[in-house]
Amino acid sequence: MLLSRVLEEKLASLYRAGKIHGGVFVGRGQEAFSVAAGLHLRKGDVFAPSIRDMAGRLAFGEPVIDAVRTYLGSPLGPMRSRDGNVHRGRPQDGLLPMISHLGSMISVVNGVLFARRLRGITDVVGATCLGDGGTSTGAFHEGLNQAAVEKLPLVMLIANNRYAYSTPNDRQFACRSLLDKAVGYGIEGVEIDGTDLIACLQAVGGAVARAREGRGPQLVVANLLRLCGHGEHDDGSYIDSRVKAQHGRDCLKTSEDMLLQEGWMTAAGLEELRNEAVQQVETIVATVQREGAPDPFQHDWNAISSAHLHELHTEA
Amino acid sequence: MSITYLEAIREAQARALADDPRVFIYGEDVGKFGGAFKATKNLQEQFPGRVIDAPISEDAITGFAVGAAIEGLRPIVEMQFADFSTVAFNQIVNQAATLYWRTNVPCPLVVRLPFGGTSGSGPFHSQSLETIYAHYPGLVVMTPATVEDAYSMLLEAVAIDDPVIFCEHKLLYYHLKADKLPTEAMPVGKARLAREGRDMTIVAYSAMVHEALAAADELATEGWLIEVVDLRSVKPLDTDTVMASVARTGRLLCVGESWPWGGVTAEVVARVAAEGWGLLDAPPQRLNAKDTPVPYHPNLWAAHRPTARSVAQAARRLLCM
């Protein structure tokens, strides 16, 4: 959580300095729920994060340098300068690279899980994340229904962060709670306070365990608030003060307070952890900034892998 | 022995399933029912667990195939009608078509599209979408016109590491027959000279090859020798074979069943005009369906799509230019 927050603060600062080619989207306020997913998944599981899941990515094992290289467009990054920011991933390692079309990753995770099952590999879980806005899409319905029909070990994590870009919940869905979706698809679901780290760890852990046991798809809805705009270009001025009062606790702050209250950490220890995170991020950013830019003249401009089918005719 | 275009597609799938345990078929009603056109008949019995009925969810069906392809399997997706693939458009063009470019991980899947018009099938069961998919980088678009190509190209589609949009024409399913399945085949990406000629080149693909050949027969009785090139795949498009034919005949008519605005025929004409201007004795022409949704009544439908008669008429006009 802390490393994620520090890394995203650095990326936001690089954005403001004009050092990033596209947008920056951070997960401020959603780290507890996200990190719970990354911590409960194992190597060999599948994770398809959404845009606010830096914390989950890092906990799942994504190297910090992958994030920095992708944001800065380094040719050495996993997307080789071809795609940026939150769209990064390493599909061969179970970290699926998201596309912007919300809900689209659900059925892709289903396909990976089905392939594992067909190969006789069991004991695998696939998790994917969405916000409240993503639940309005057809892809969400089709994907969850498909997982339910195939009884796949899918864990669907929904961060209800109250706003889909600027659109509030009451313009997004008309059901009482997003937990009602679980009933519609015939799957198990739980709803939690997404600003409470312990609640997140327990609920996501339970869902992952049930999926691993073969109890089919699991839905977890976390209530929280995105403590920032949609991206760094957006000041979030549309966020209602009443919503802020009800859901706007900072999960990182509440987690740190808990560590201090329980006596598991000292203030000095927390300060040291933060300094280590800052040092790690600064070193990696400095490294990536020296890596240079892609050369369009040296670039392989073929979109398919079958060399014998490359269109020779690229320019008339 | 005689084998139809549809049976060739079924045989290719049976062979792919038998030869490679990574292959599976996923789609609506493909299991016990054997598919809306029976292209997967008996395959579920022969390959239990690998021919799977999907819920009605073209988007999720295709996303599922992408996930399985990432894992190294080789899914074959059957869209019940090509028209329904528009629901899966996002997964095809944004997910499958971009995966290799973005991540260097190949995406070996085949999406079978039963496409093209048949009598009485109307606006939502007749569309020709090869043009749309060919427009997107990252996809291979195959349009077999013969029983032999339907078989060999489907096997090649399963074998290659990229997403293939396999456009199989519904009108050819039952009527087109061959004596036997091929043991050797022209590779995908190469166009075929379907008929040699001297006076004009007609470039066509899929069902339009047969309309072009019939038109060429008709024109032969009038003394014209028409060369017919079957593109076989529209992406990649074999410009060399087209250009070589135009160099022999000096005239080009390109025929497609999809709509006239842009598209495969426009691409062929543009390439020949740009690179083969000096080879042409007359302006290159093209013939497509009318620019309306596909009509229901057989009389309207027959007038909507190019037929041997309208191809011959267009050819006559071009021969006099």
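Before any of the text, the structure's been laid out above.
Residues numbered from 1 in each chain as written. Chains lettered and ligands numbered in written order. Predicted model: local features only at pLDDT ≥ 70, side-chain atom pairs only at ≥ 80, totals over all residues. Heavy atoms only, no water.

A.B. asks: Before we go on, may I ask you to explain the sheet that holds strand β2 (residues 23-27) of chain B in this structure?
C.D. replies: The pairing of strands in a sheet comes from backbone hydrogen bonds and takes either a parallel or an antiparallel form. Residues and elements named next belong to chain B. Read across the sheet, seven strands follow the order β3-β2-β4-β5-β7-β6-β12 without closing on themselves; strand pairing throughout is mixed. Edge positions in the sheet fall to β3 (51-53) and β12 (233-235), since each of these pairs with one other strand and no more. Shown here is a sheet whose adjacent strand axes are inclined to one another by a mean of 20 degrees, direction ignored. As defined by bridge partners, β2 adjoins β3 across three bridges and the pair is classed as parallel. Of the residues in β3, the one forming a bridge with Ile 25 is Val 51. (Pairing = 2+ DSSP bridges. Helix = DSSP H or I, 4+ residues; strand = E, 2+ residues; numbered from the N terminus. Axes fitted to C-alpha atoms, helices over the stretch in contact; angles between N-to-C directions.)

A.B. asks: Could you clarify how one ought to interpret the packing of aromatic side chains in this entry?
C.D. replies: Given two aromatic rings, one states the distance between the centres and the angle between the planes to describe the pair. Tallying each qualifying case throughout the model produces 15 aromatic pairs over all chains. With a centroid separation of 5.8 Å and 45 degrees between ring planes, the pair formed by Phe 89 of chain B and Tyr 133 of chain B is classed as tilted. Placement of Phe 89 of chain B in helix α4 (residues 89-103) and of Tyr 133 of chain B in helix α5 (residues 130-134) is noted, with a sequence separation of 44 residues between them. In this structure Phe 89 of chain B comes out as partly exposed when scored by relative accessible area, which is 25%. Exposure remark for Tyr 133 of chain B: the relative accessible area of 1% places this residue in the buried category. Members of the aromatic cluster, connected to one another through ring pairs, are Tyr 5, Phe 37, Phe 81, Phe 84, Tyr 173 and Tyr 174 of chain B. Sitting over the face of the ring of Trp 101 of chain B, Arg 82 of chain A holds its NZ or CZ atom 3.6 Å from the ring centroid. Positioned above the aromatic ring of Phe 33 of chain B, the side-chain terminus of Lys 38 of chain B is 3.5 Å from the ring centre. (Phe/Tyr/Trp six-rings, centres within 6.5 Å; stacked < 30°, edge-to-face > 60°. Buried < 20%, exposed > 50% of the residue type's maximum accessible area, 1.4 Å probe, protein only. Lys NZ or Arg CZ within 6 Å of the ring centre and 35° of its normal.)

A.B. asks: Please clarify how the pairing of strand β13 (residues 252-255) of chain B should be interpreted in this entry.
C.D. replies: Side-chain direction in a regular strand flips from residue to residue, so the side chains alternate between the two faces of the sheet. Residues and elements named next belong to chain B. Side-chain alternation along β13 places Leu 252 and Cys 254 on one buried face and Leu 253 and Val 255 on a second face that is also buried. Pairing of strand β10 (residues 200-204) with β13, which is carried by three bridges, proceeds in the parallel orientation. In the sheet register, Val 203 faces β13, and the bridge partner there is Cys 254. In terms of strand pairing, β13 meets strand β14 (residues 285-287) through three bridges, oriented parallel. Paired with Val 255 across the strands is Leu 287, a residue of β14.

A.B. asks: Just to check I follow, could you spell out empty space enclosed by the protein for this structure?
C.D. replies: Residue and element names in this part refer to chain A. For the coordinates displayed, the defined rule picks out four cavities of 30 Å³ or more. The space that makes up the largest cavity amounts to roughly 80 Å³. What lines the largest cavity is a set of 14 residues, and nearest its centre among them are Ser 50, Gly 103, Met 105, Cys 129 and Leu 130. Elements that contribute at least two residues to the lining of the largest cavity include exactly α5 (104-118) and β2 (126-131). Split into classes, the residues belonging to the lining of the largest cavity amount to nine nonpolar, five polar and no charged. Quantified by volume, the second largest cavity comes out at close to 70 Å³. Across the lining of the second largest cavity, the residue classes break down as four nonpolar, six polar and two charged. (1 Å grid on protein atoms, 1.4 Å probe; cavity = no way out; pocket = protein on both sides within 12 Å on 5 of 7 lines; lining within 4 Å. Points joined across faces, edges and corners; volume = space filled by probe spheres on them. Nonpolar A, V, L, I, M, F, W, Y, C, P; charged D, E, K, R; others polar.)

A.B. asks: Just to check I follow, could you spell out the layout of surface pockets for this structure?
C.D. replies: Over the atoms rolls a probe the size of a water molecule, and its path tells where empty space is left. Roughly 770 Å³ of internal volume is contained in the largest pocket. Among the elements that make up the lining of the largest pocket, the one with the highest residue count is helix α10 (residues 263-275) of chain B (five residues). Tallied by class, residues from the lining of the largest pocket come to 17 nonpolar, 10 polar and five charged. As a volume, the second largest pocket reaches approximately 380 Å³. Considering the residues around the second largest pocket, the lining is formed by 26 residues, among which Ser 50, Ile 51, Arg 52, Leu 102 and Gly 131 of chain A are closest to the centre. For the lining of the second largest pocket, the elements supplying multiple residues, two or more each, are α2 (31-40), β2, β3 (154-160) and β4 (163-164) of chain A. At three residues, the largest contribution of residues to the lining of the second largest pocket is made by β2 of chain A.

A.B. asks: I tried to follow the sheet that holds strand β6 (residues 188-193) of chain A on my own but got confused; where do I start?
C.D. replies: Residue and element names in this part refer to chain A. Taken together, five strands build an open sheet; the order of strands is β1-β2-β3-β7-β6 and the sheet is parallel. This sheet does not close on itself; its edge strands, each paired only once, are β1 (46-48) and β6. Looking at each pair of strands side by side, their axes are set apart by 15 degrees on average, direction ignored. Direction of pairing for β1 relative to β2: parallel, over a ladder of three bridges. Counted as the bridge partner of Ala 48 is Thr 128 from β2.

A.B. asks: When you look at the state of the cysteines in this model, what are you seeing that I'm missing?
C.D. replies: Residues and elements named next belong to chain A. All told, the structure shown has zero disulfides over all chains when counted by the stated rule. Between Cys 200, a cysteine without a disulfide, and Cys 251, which holds the nearest cysteine sulfur, the sulfur-to-sulfur distance is 7.5 Å. Note on Cys 251: relative accessible area 0%, which makes it buried. (Disulfide = S-S within 2.5 Å.)

A.B. asks: How do you make sense of the side chain of Arg 69 of chain A when you look at a structure like this?
C.D. replies: Residue and element names in this part refer to chain A. The topology assignment puts Arg 69 in helix α4 (residues 64-72). A relative accessible area of 16% places Arg 69 in the buried class. Within polar-contact distance, the side chain of Arg 69 engages the side chain of Glu 291 at 2.7 Å. Setting aside chain neighbours within four positions, we find Arg 69 in contact with Ser 74, Leu 76, Gly 77, Val 288 and Glu 291. (Polar contact = N/O pair within 3.5 Å; in protein donor to acceptor, adjacent residues only side chain to side chain. Contact = heavy atoms within 4.5 Å.)

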